[in-house]
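Here is how the chains run, residue by residue.
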Amino acid sequence: MSFLRNINLNGKHVALLWHSGVSPDDVRRFVEELQTVVGAEGSVAVENVERLKASNHPASHFDAVISGIFAPQIFVHDDSILPEIIRILKPNGLFLFQEAVLPLNTPDAAIKTESWLKSHVKINGFVASDGDFTDVDVTPEALLQLRMLLQIPEHLPLKVCQGSIRKPSYEIGSSSLLRKLNTATPASTGPALKQDTPKVWALSTSDLMDDDLMDQDELLDEEDYAKPDPASLKANCGPGKKRACKDCSCGFAEELAGTAAAAPKTVTSSCGSCYLGDAFRCASCPYLGMPAFKPGDKITLSDRQLKADV
């Protein structure tokens, strides 16, 4: 009970959580002492931490939750139990617990590190700082019992950490409307400024006058209002010319380019022996594979040559 010396629980509703492996006599003696601390107006609810969710306590019901204080402190307060504890706590409620921790992360270990514990209570919504965690003085016999139960080698330093953290002063999921600034009341309660003190970023009415603004119509000359002559807009090229201008923008250059692309490509012989047959033709000859013909004759293929070989 020494860890409750600086905590006022008089008239408070407290939930005491015990875990498997603890002595029933230790739990009974602590409950009797705790009932004298909370007084007649307070209450003590004793629950198995592993069956806390099944108890179905109402939300924001307890002023304080005490867990893991009975030796051996082998219970791990992880994400499976922390959300339920913060749910049943009232806003600004106290969560007091003890847990065996390791200084370094050890694979396959049954317990977690102290840094893991500090980060996970914050992740689950608790308000905690490094000053809210202290080391518990454990006897060598109790520490040896912890090592045997948790199967922690002797070369790894083992200790029991105690946390005294709280739920935020507001309810989880609560919301609040933002008030509009009241211009009739001063925004600051500090000393008033002198009348001649310049105000930074303040705009006077003269700064918003239209005298400093330029009329956009003044940027136009009389020539800009005159309608252009349609003849001046006509291009100097077109179908009447054989070639398009260098900087053609009327589409005549594209039209000529399309006509040139559509024109059939004529095939000319560079060796003059294409009509003699494949034996006299080049590898890139367009008549390769065709029968021999006389110069100037029209090439025709028989029905047999048009049928694929099977």
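Residues numbered from 1 in each chain as written. Predicted model: local features only at pLDDT ≥ 70, side-chain atom pairs only at ≥ 80, totals over all residues. Heavy atoms only, no water.

## As for the pairing of strand β3 (residues 62-67)
Buried residues dominate β3, accounting for 6 of its 6 residues. Here 4 bridges tie strand β1 (residues 13-18) to β3, and the two strands are oriented parallel to one another. Within β3, the residue paired with Val14 across the bridge is Ala64. Assessed by its sense of winding, the connection that carries the chain from β3 through helix α3 (residues 82-88) to strand β4 (residues 89-101) is right-handed. (Buried < 20%, exposed > 50% of the residue type's maximum accessible area, 1.4 Å probe, protein only. Helix = DSSP H or I, 4+ residues; strand = E, 2+ residues; numbered from the N terminus. Pairing = 2+ DSSP bridges. Right-handed = clockwise from strand over helix to strand, strands pointing away.)

## Section: the packing of aromatic side chains
Applying the stated rule across the entire model yields 4 aromatic pairs. Judged by centre distance (5.6 Å) and plane angle (85 degrees), the ring pair of Phe30 and Phe70 falls under edge-to-face. A residue pair is termed long-range when its members are at least 10 positions apart, and Phe30 in helix α1 (residues 24-38) and Phe70 in the loop between β3 and α3 qualify at 40 residues. By relative accessible area, Phe70 is classed as buried at 6%. When the centroid spacing of 4.7 Å and the interplanar angle of 20 degrees are considered together, the rings of Phe95 and Phe97 count as stacked. (Phe/Tyr/Trp six-rings, centres within 6.5 Å; stacked < 30°, edge-to-face > 60°.)

## Things to note about the nonpolar core
Counting residues in hydrophobic clusters, the biggest one holds 24 residues, and the most contacted among them are Val65, Ile85, Phe95, Val121, Phe126 and Ile165. Elements represented by at least two residues in this core include exactly β1, β3, α3, β4, α4 (114-123) and β6 (159-166). Once you skip the residues sitting within four places of it in the chain, Ile165 turns out to touch Gly93, Leu94, Phe95, Phe97, Val121, Phe126, Val127, Ala128, Asp132 and Phe133. With 18 residues, the next largest nonpolar core counts Val27, Val44, Ile69 and Phe70 among its residues. (Core = buried A, V, L, I, M, F, W, Y, C linked by side-chain atoms within 4.5 Å. Contact = heavy atoms within 4.5 Å.)

## Some remarks on the pattern of salt bridges
Scanning the model with the defined rule gives 11 salt bridges in all. A salt bridge links Glu32 to Arg28, with the nearest nitrogen and oxygen atoms 3.6 Å apart. On the criterion of helical spacing, the pair formed by Glu32 and Arg28 is a turn pair, its members being 4 residues apart in helix α1. For Arg28, a relative accessible area of 42% puts it in the partly exposed group. The salt bridge involving Lys167 is made with Glu171; its shortest N-O contact spans 2.8 Å. On the accessibility criterion, Lys167 (2% relative accessible area) is buried. In this structure, a network of salt bridges that share partners links the residues Glu114, Lys118, Asp130, Asp135 and Lys159. (Salt bridge = Lys/Arg side-chain N within 4 Å of Asp/Glu carboxyl O.)

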